[in-house]
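# Descriptive structure summary
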Amino acid sequence: MGEQGGAERRAYHHGDLRAALIDAALDLISEAGVAGFSVAEAARRVGVSAAAPYRHFPDRESLLAAAASAATRQLTHKIRTAVGTAPDPGDPVERLAATAGVYSRFVIERRAGFDLIFTPALQDRHDGELRDATRALVAELLRLAMAASTGGIHAALELLEHHTALAHGYAGLQLGGAFTPGPPHPQGHDAVADHAVSAARSLIVGHRLLHAPADSGR
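What you see is a predicted model, and the numbers here were worked out from it, not measured in a lab. For every chain, the first residue of its written sequence is number 1, and the numbers climb from 1 along that sequence. A pLDDT threshold of at least 70 governs which residues receive local features in this predicted model, and a stricter bar of 80 or more applies before side-chain atom pairs are shown or counted, although totals over entire chains, interfaces and linings include all residues. Excluding hydrogens and water, the side-chain values take into account all heavy atoms of the structure.

### A look at the overall build of the chain
Counting from the N terminus, the helices are DSSP H or I runs at least four residues long and the strands are E runs at least two residues long. Counting its regular elements, the chain contains 10 helices and 0 strands. Starting at the N terminus and ending at the C terminus, the chain contains elements arranged as α-α-α-α-α-α-α-α-α-α. Exposure categories follow from relative accessible area, calculated using a 1.4 Å probe and restricted to protein chains: below 20% of the type maximum is buried, above 50% is exposed, and the middle band is partly exposed. For the chain, with 218 residues in total, the buried portion stands at 42%. Note on definitions: a residue-residue contact is assigned when non-hydrogen atoms from the two residues lie within 4.5 Å. Here the analysis covers contacts within the chain between residues at least 6 apart in sequence; of these, 68% occur between residues at least 24 apart. With an accessible surface of roughly 10,800 Å², the chain has 55% of that area assigned to carbon and sulfur atoms. Areas reported here follow the Shrake-Rupley algorithm with a probe of radius 1.4 Å; residue values treat only the protein chains shown as occluding.

In C-alpha cells, the structure reads:
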C-alpha cells in the first residue's frame, strides 16, 4: 500500500473509491458522450493510479455498466419527481407528458439516455445492478403509459415506444446543434424540454383517440 498516492489511500480508507469512479465516469459521459469515456481518465480525475479502478471493476464495460446503473436511478428519481409536480398531477396525459421533458433534459445534460442504458454490450453482461435499475425505470414508464392509454398493454407499449423516441429525438437534435438559440428555442435546453412536453402531450392525446373503444362516445 505504500506505493499508492495520498488521494488513493484516502479513497480506500473512506470506502468511496468505487462511487468516486462512477461519478467521474458520469462526468466524462456528460462532457463527451460514451466515446469520450475511458477508465484511465476517470482514474486521473479521481486522483488514483490507472490500475486502481480495476480493483473494483474488472474492465471498462463494468465501470460503464455501473455508471449506466447510476444514471438510470437518477433518471427514475427525476421522472417520479416530475410526475408528482406535473401541471395537473391527476391527469394521466400530463403525468406521462412531463416525463418527456425530464428525459430530454437529462439526455442533453448527462448524455446518458436509453442509448447508453440499453447498450447491448452492457445488457448482455447480465449485470444485476443495471438490470434492476432498468426494470424499475421501465416499470415506472409503463405504469404511466398504461394509465394514459385507452387501449390494452399492446397499445400502452406502442405509446411508450413513440413517446420515448420523441423525447430522445428532441435531445438528439439539441445535442447535434439542429436547434438554434433563437426562436422557437430562445432559452436553450429548458425550451427544448418544454417543446418535448408539448409534443408528447399531442402524441398522447392523438394515441388515446386512435385507440379509444368504438363505443366510448356513447
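### Topic: the nonpolar core
Residues Phe37, Leu63, Leu75 and Ile79 are the most contacted members of the largest nonpolar core, which totals 60 residues. Taken together, the elements giving at least two residues each to this core come down to helix H2 (17-32), helix H3 (39-46), helix H4 (60-84), helix H5 (92-110), helix H6 (114-117), helix H8 (128-148), helix H9 (153-175) and helix H10 (189-211). It is H4 that contributes the most residues to this core, 12 residues altogether. Excluding anything up to four places from it in sequence, Leu75 contacts Val102, Tyr103, Phe106, Ile117 and Leu137. For our purposes a nonpolar core is just a set of buried Ala, Val, Leu, Ile, Met, Phe, Trp, Tyr and Cys residues, chained together by side-chain atoms within 4.5 Å.

### Comments concerning unusual backbone geometry
Residue Arg111 is not a glycine yet carries a positive backbone phi of 50°. Looking at the element boundaries, Arg111 is found in the loop between H5 and H6.

### Here's the deal with the packing of H8 against H9
Geometrically, a packed helix pair is captured by the angle between its two axes and the distance between the axes. Only the stretch in contact is used when a helix axis is fitted, and all axes are lines through C-alpha atoms; the angle between N-to-C directions ranges over 0 to 180 degrees. In the contact formed by H8 and H9, the axes pass within 8 Å of each other and the chain directions differ by 115°. In this structure, H8 meets H9 at a crossing whose hand is right-handed. The segment H8 lies against H9, with Leu141, Leu142, Ala145, Met146 and Ala148 engaging Ile153, Ala156, Leu157, Leu159 and Leu160. For this scheme, ten residues count as nonpolar: Ala, Val, Leu, Ile, Met, Phe, Trp, Tyr, Cys and Pro. Four count as charged, namely Asp, Glu, Lys and Arg, and the remainder, Gly too, count as polar. Here the residues of the contact of H8 with H9 sort into 10 nonpolar, no polar and no charged. Put simply, a crossing is left-handed when the front helix is turned counterclockwise from the back one by less than a right angle, and right-handed when it is turned clockwise.

### Details of the side chain of His207
Of note, His207 is situated in helix H10. Those residues in contact with His207 that sit more than four places away from it in its chain are Ser149, Thr150, Ala155, Glu158, Leu159 and His162.

### A word on a nonpolar patch on the surface
Here, patches come from residues exposed beyond 30% relative accessible area and free of salt bridges, joined within 9 Å for like charges and within 5 Å for nonpolar side chains (Val, Leu, Ile, Met, Phe, Trp, Tyr). Salt bridges, as used here, are contacts in which a Lys or Arg side-chain nitrogen is within 4 Å of a carboxyl oxygen on Asp or Glu. On the surface, Met146, Ile153 and Leu157 cluster together into a nonpolar patch covering about 250 Å² of accessible area. Along the chain, the position of Ile153 falls in helix H9.

### Remarks on the packing of aromatic side chains
Two rings belonging to Phe, Tyr or Trp (six-membered ring only in the last case) form a pair when the distance between their centres is within 6.5 Å. Interplanar angles under 30 degrees mark stacking, angles over 60 mark edge-to-face geometry, and anything in between is tilted. Going through the model one piece at a time under the given rule, you end up with 3 aromatic pairs. One aromatic cluster is present, built from ring pairs that chain together Tyr103, Phe114 and Phe118.

### A closer look at the pattern of salt bridges
Throughout the structure, instances matching the rule amount to 10 salt bridges. The salt bridge involving Glu31 is made with Arg45; its shortest N-O contact spans 2.8 Å. Of the two residues, Glu31 is situated in helix H2 and Arg45 in helix H3; the sequence distance between them amounts to 14 residues. Residue class for Glu31 comes out partly exposed when judged on its relative accessible area of 47%. Owing to a relative accessible area of 37%, Arg45 belongs among the partly exposed residues under this scheme. Here Arg44 and Glu41 are joined by a salt bridge, their closest N and O atoms 2.7 Å apart.

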